[in-house]
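# An overview of the molecular structure
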Amino acid sequence: MKANYFTGFSNHFSSEARPNVLPDNQNSPQKVQNGLYAEQLSGSAFTAPRSTNLFSWLYRIRPSVMHKRYIPSTELTEKTLFKPKYINPNQMRWNPLPPPTVPQDFVEGLKTICGIGSALEQRGLHIHLYAFNKNMNRRYVMNADGDFLIVLQDGKVQVKTELGVISAEPGEIVVVPRGMVFQINPLSQVCHGYVGENFGSPFRLPELGPIGANGLAHRRHFLTPQAAFEDLDEKVELLGKFSGQWWSAEMDHSPLNVVAWHGNYVPYKYDLRLFNSVNTVSYDHPDPSIFTVLTSPSDTAGVSNIDFVVFPPRWMVAEHTFRPPYFHRNCMSEYMGLIHGVYDAKTSGGFVPGGGSLHNFYSAHGPDSGTYEQASEASLKPHFLENTLAFMFESRAPYLVTDFAMQSGLLQEDYQDCWLGFKKYFK
Ligand SMILES: [Fe+2]
């Protein structure tokens, strides 16, 4: 892995799995060294401004177009990609996916929980959970719909992409940009986690404003892979995801056949434990936007299509302050997950690693009553909040939920009860 980038855009990277393969000065010479084909992969419109223009040149053993016709993979679609349908004003919380009872790969182990928007609208996101225990072997994925932001919760994974291989562990995230072919394999017995599938503008680091040049996620901690290729002439399956449907095409060679590349349209990983938290050193509570790792901006300034936010271990020093997250109602909508430990607004249980919660637009939420009782009386000495790593996908639009989210048995029907015990202290 290269200690490189990503905010993207203004950066340009290159990598060769064989020496001296990249063309010296041209992107598409008449003939490429070593008999390779030149191919461009665009992540933005050709005419996007330089500050948001994303593209990479790939030098590969055969061009990507060399596959048979796609045919619908209806059974796989119905098993995995559930359609978000229902608006539900209730605060909702789910238990984690159970471990697989049969061998299943990453694709077979995806389950859509909620979402908004679509690839056709080019806005919104879908949130999937995954649980898998099987190698994808001769199966590869090309997702035309959206970027996959993969949040590892349990189990190490190997993400093979056209641009190289990324190995990651819980606490890290991996982003595979839309259109890029990939394969995900377990490096542990069972792997669990979350996927935020972004249909809007690509993720980038948030602006820092008065914070200055340093703080939050540092661009030097975003790692891109070294070029790596499979020179494999065997029958394989290329799964394509188009508008929420799986399609399957046969190939007679591996699509991960890029020997060298250059550009700024790249997969990357980031270790959430490296997040540089900025917080109060006096009193009160900055809004959770202070924990934004990556953002997918919308067309409205300051209003995101998605903010990906992390709540890491950190010092709590605010004086005269109720330190856990405050009670609130939000015009934005919040899906939260827990990677490990305990989230400081839900110390009474129920919000567990691998589970999730949804507080849709203007659904009131905040600390559970047990947390309130404890934190409103706690001694306000400096305290290091440890054993916690939670995250949030915050969106400008409310999330619709799927049949699976409502009927799979994972929904906690008694979630509301955690807020029903607040005593009346008014005098
Ligand atoms: Fe909230």
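Residues numbered from 1 in each chain as written. Predicted model: local features only at pLDDT ≥ 70, side-chain atom pairs only at ≥ 80, totals over all residues.

### Overview of the domain arrangement of the protein
By a widely used convention, the size of an interface equals the accessible area lost when the partners come together. Splitting the protein by domain gives domain 1 (67-256 + 267-271) and domain 2 (276-412). Spacing between the C-alpha centres of domain 1 and domain 2 amounts to 23 Å. Domain 1 puts 48 residues into the contact, and the matching count from domain 2 is 46 residues. Within the residue set of the side of domain 1 that touches domain 2, elements represented by two or more residues are strand S6 (92-94), strand S7 (110-118), strand S8 (123-132), strand S10 (147-154) and strand S15 (191-198). Per-element accounting of the side of domain 1 that touches domain 2 gives the leading share, 7 residues, to S7. (Domains from an automatic or database assignment. Contact = placed C-beta atoms within 7 Å. Helix = DSSP H or I, 4+ residues; strand = E, 2+ residues; numbered from the N terminus.)

### Some thoughts on the pairing of strand S2 (residues 13-16)
Burial along S2 is one-sided: the face carrying Phe 13 and Ser 15 is buried and the face carrying Ser 14 and Glu 16 is not. By the bridge criterion, 4 bridges tie S2 to strand S19 (residues 258-263) in an arrangement that is antiparallel. Across the sheet, Phe 13 pairs through a bridge with Gly 263, a residue of S19. (Buried ≥ 20, exposed ≤ 12 C-beta atoms within 10 Å, placed from the backbone. Pairing = 2+ DSSP bridges.)

### Brief notes about the environment of Glu 377
Take Glu 377: it is sitting in the loop between helix H2 (369-375) and strand S26 (383-385). Overall, Glu 377 belongs to the exposed group, with 7 C-beta atoms counted inside 10 Å. When the C-alpha atoms of Glu 377 and Asn 279 are compared, they prove to be 22 Å apart, with 98 residues separating the residues in sequence.

### Looking at the sheet that holds S2
The strands that make up a sheet are held in pairs by hydrogen bonds between backbone atoms, and each pair lies either parallel or antiparallel. Read from one edge to the other, the open sheet built from 4 strands follows the order S2-S19-S4-S3, with strand pairing classed as antiparallel. If you trace the sheet from one side to the other, it starts and ends with S2 and strand S3 (37-42), each paired once. With direction set aside, neighbouring strand axes in the sheet form an average angle of 20 degrees. (Axes fitted to C-alpha atoms, helices over the stretch in contact; angles between N-to-C directions.)

### Section: the nonpolar core
Core analysis: the largest hydrophobic core is formed by 99 residues, its most contacted members being Leu 149 and Phe 391. By residue number, the principal contributor to this core is S8, which donates 6 residues. Here this core gathers at least three residues from each of two domains, domain 1 (67-256 + 267-271) and domain 2 (276-412). When sequence neighbours within four positions are dropped, the list of residues in contact with Phe 391 reads Val 151, Phe 308, Val 309, Val 310, Phe 311, Met 336, Gly 337 and Ile 339. (Core = buried A, V, L, I, M, F, W, Y, C linked by C-beta atoms within 7 Å.)

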